[in-house]
Amino acid sequence: MKLKPFALLLTSLLPLASQAAEPQVDRYVVTFPQGDHVEYKGAYASHFPDGLPVGVGSGLQFIRKEGNALVFATVTDRGPNADSPKAGKKDSKIFANPKFTPLLMTIRVADGKAQATDAHALHDENGPISGLPLPEGLIGATNEIALSDTLQQLSSDKRGLDTEGVTPDGKGGYWLCDEYGPFIINIDANGKILKKYGPQAEQGEQGVAGGLPNIIKWRQANRGFEGITRMPDGRIIAAVQSTLDIDGKTKNSAQFTRLVSFNPETGKTEMYGYPIDVDVYKKAKDAKIGDIVALDNNRLLLIEQGGDKNKAMRNLIYVVDLSHASDLSSFDKEKAPEFDDAEQLKARGIKLAEKKEIVDLRKLGWQQEKAEGMTLIDNQTIAVINDNDFGLQPVLENPDADDKKADDYEVDGKGHLLRDGKEVATKIALKPLEKPESQNELWVIKLPEALK
């Protein structure tokens, strides 16, 4: 379904002289003509009579044109999940359908419609994988507790992935990135996992090859690799979503998040610092990367987003230049640069990447919380998409008068919410998200000038 181009509403009110300076936007709501949905028969199934909508949009990659049609690849994340209170000192998540398998899909934009079809379940030689957290102690484990919709503890899965980005591998398949490990994963066109790389791992039962810098194991839980792109020279760049939390001490003050370069042919890695807009956020950890896409061997586009000091969402697209950025690998041997402020970085001779804003999605009318997928159609046209979180949200039912936030409670993994260690009557229900958050919205943005 195509929405009326927002840029037309703008330009009809602006003088002709200023029209050329405004990006032109075509907006679409992604539909599923094959009736794809996620089965849900849990405790709150009456709220979702048709099941859950598929949550594509965690990554986006332009593939080709077919006449006037645009064809993209997209991926889901780990599946329908919802925030829930801590279980002791550990984070927990409600998994509405624990059997969900992350999907690779195709989106075709033509005749005013954006339609998602051709779902391929991610799988390996043992069959379909899941999106459940990894067992504690394995490489990439976030130590999250997986819960059912009735707050019963679920099993973890050593093959679980939380996929968040997609880029071609140049051989007919794709590279994906993941938030757990964080991992980068090579798959074929049908979704079969060919290779999985993670921080300082051994090939073995978990099926992970080593190869990525060990320091990225300090990614915040649920904040691993959020974007991935393949440079023209074949290098893979993966973006850590937020600041690393080294020894639990740096997530609130680090000046940057990391872009990890990996050459799959030679195994060589490098790391660059992307300077977040630290002064805008209450804490540095509030900045999040949405996705990245290569422009050439030195430059890429990057979405930076998050709530500012006034809790207002911001979704900005930058051109990021790595030409003069320091490889952080050698500096890590002395002291991780995440511990340095801006002056200390300068004193150590550490240069972060350079950046220039080119699009403010909010100023164009973007209302979704997050833009999680981005791709380049040509040197003047970008496409972005949100992740609709499978159209569900957690809602407290019968909360205590003084405790109306989920964070005021704990879970025991046995079906109960606790307050000060005592069971309470409060429940966490799953209910539908309202529009537009429940929709996958894809924008095709033509910039005023070509990206040079």
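Quick summary incoming for the structure in this document. (Residues numbered from 1 in each chain as written. Predicted model: local features only at pLDDT ≥ 70, side-chain atom pairs only at ≥ 80, totals over all residues. Heavy atoms only, no water.)

## Some words on the sheet that holds strand S15 (residues 193–199)
Adjacent strands of a sheet pair through backbone hydrogen bonds, lying either parallel or antiparallel. Taken in spatial order, the five strands of this open sheet run S12-S13-S14-S15-S16, and their pairing is mixed. Strand pairing shows two members of the sheet lacking a second neighbour, strand S12 (163–168) and strand S16 (209–212), which therefore form its edges. Across the sheet, the mean angle separating the axes of adjacent strands is 30° when strand polarity is ignored. Sheet topology places strand S14 (residues 184–187) next to S15; four bridges connect them, and they run antiparallel. Across the sheet, the residue bridging to Ile184 is Tyr197, located in S15. (Pairing = 2+ DSSP bridges. Helix = DSSP H or I, 4+ residues; strand = E, 2+ residues; numbered from the N terminus. Axes fitted to C-alpha atoms, helices over the stretch in contact; angles between N-to-C directions.)

## With respect to the sheet that holds strand S19 (residues 256–262)
Pairing within the open sheet is antiparallel, and its four strands lie in the order S17-S18-S19-S20. Whereas interior strands pair on both sides, the edge strands pair on one side only; in this sheet they are strand S17 (225–230) and strand S20 (269–275). Shown here is a sheet whose adjacent strand axes are inclined to one another by a mean of 25°, direction ignored.

## So, the packing of aromatic side chains
Taken as a whole, this structure holds six aromatic pairs when the rule is applied. Ring plane angle 40° and centroid distance 6.1 Å describe the contact between Trp175 and Tyr197, whose orientation is recorded as tilted. Of this pair, Trp175 sits in strand S13 (residues 174–178) while Tyr197 sits in strand S15, and the two are 22 residues apart along the sequence. We classify Tyr197 as buried; its relative accessible area is 12%. Where Trp366 meets Trp443, the ring centres are 5.1 Å apart and the plane angle is 80°; that geometry is what we call edge-to-face. With Trp366 in the loop between strand S24 (354–360) and strand S25 (373–378) and Trp443 in strand S32 (residues 441–446), the pair connects residues that are 77 residues apart, well separated along the chain. With respect to class, Trp366 is no different from Trp443; both count as buried. Ring-pair connections join several aromatic residues into one group, and the members of that group are Trp175, Tyr197 and Phe262. Just above the ring of Phe183 sits the side chain of Lys196; from NZ or CZ to the centre is 5.1 Å. (Phe/Tyr/Trp six-rings, centres within 6.5 Å; stacked < 30°, edge-to-face > 60°. Buried < 20%, exposed > 50% of the residue type's maximum accessible area, 1.4 Å probe, protein only. Lys NZ or Arg CZ within 6 Å of the ring centre and 35° of its normal.)

## Here we look at the layout of surface pockets
In this structure, the largest pocket encloses a volume near 1800 Å³. Looking at the largest pocket, it is lined by 50 residues, and the ones nearest its centre are Asp83, Lys93, Asn222, Arg223 and Lys288. Among the elements of the structure, strand S5 (81–87), strand S6 (90–95) and strand S27 (392–397) are those that each provide at least two residues to the lining of the largest pocket. The greatest single-element share of the lining of the largest pocket, amounting to six residues, is contributed by S5. Looking at side-chain class alone, the lining of the largest pocket contains 10 nonpolar, 12 polar and 28 charged residues. Around the second largest pocket sit 23 residues that line it, and Thr142, Asn143, Arg219, Gln220 and Ala221 are the ones nearest its centre. The residue inventory of the lining of the second largest pocket, partitioned by class, reads six nonpolar, eight polar and nine charged. (1 Å grid on protein atoms, 1.4 Å probe; cavity = no way out; pocket = protein on both sides within 12 Å on 5 of 7 lines; lining within 4 Å. Points joined across faces, edges and corners; volume = space filled by probe spheres on them. Nonpolar A, V, L, I, M, F, W, Y, C, P; charged D, E, K, R; others polar.)

In short, the description is geometric, and any link to function would need to be established separately.
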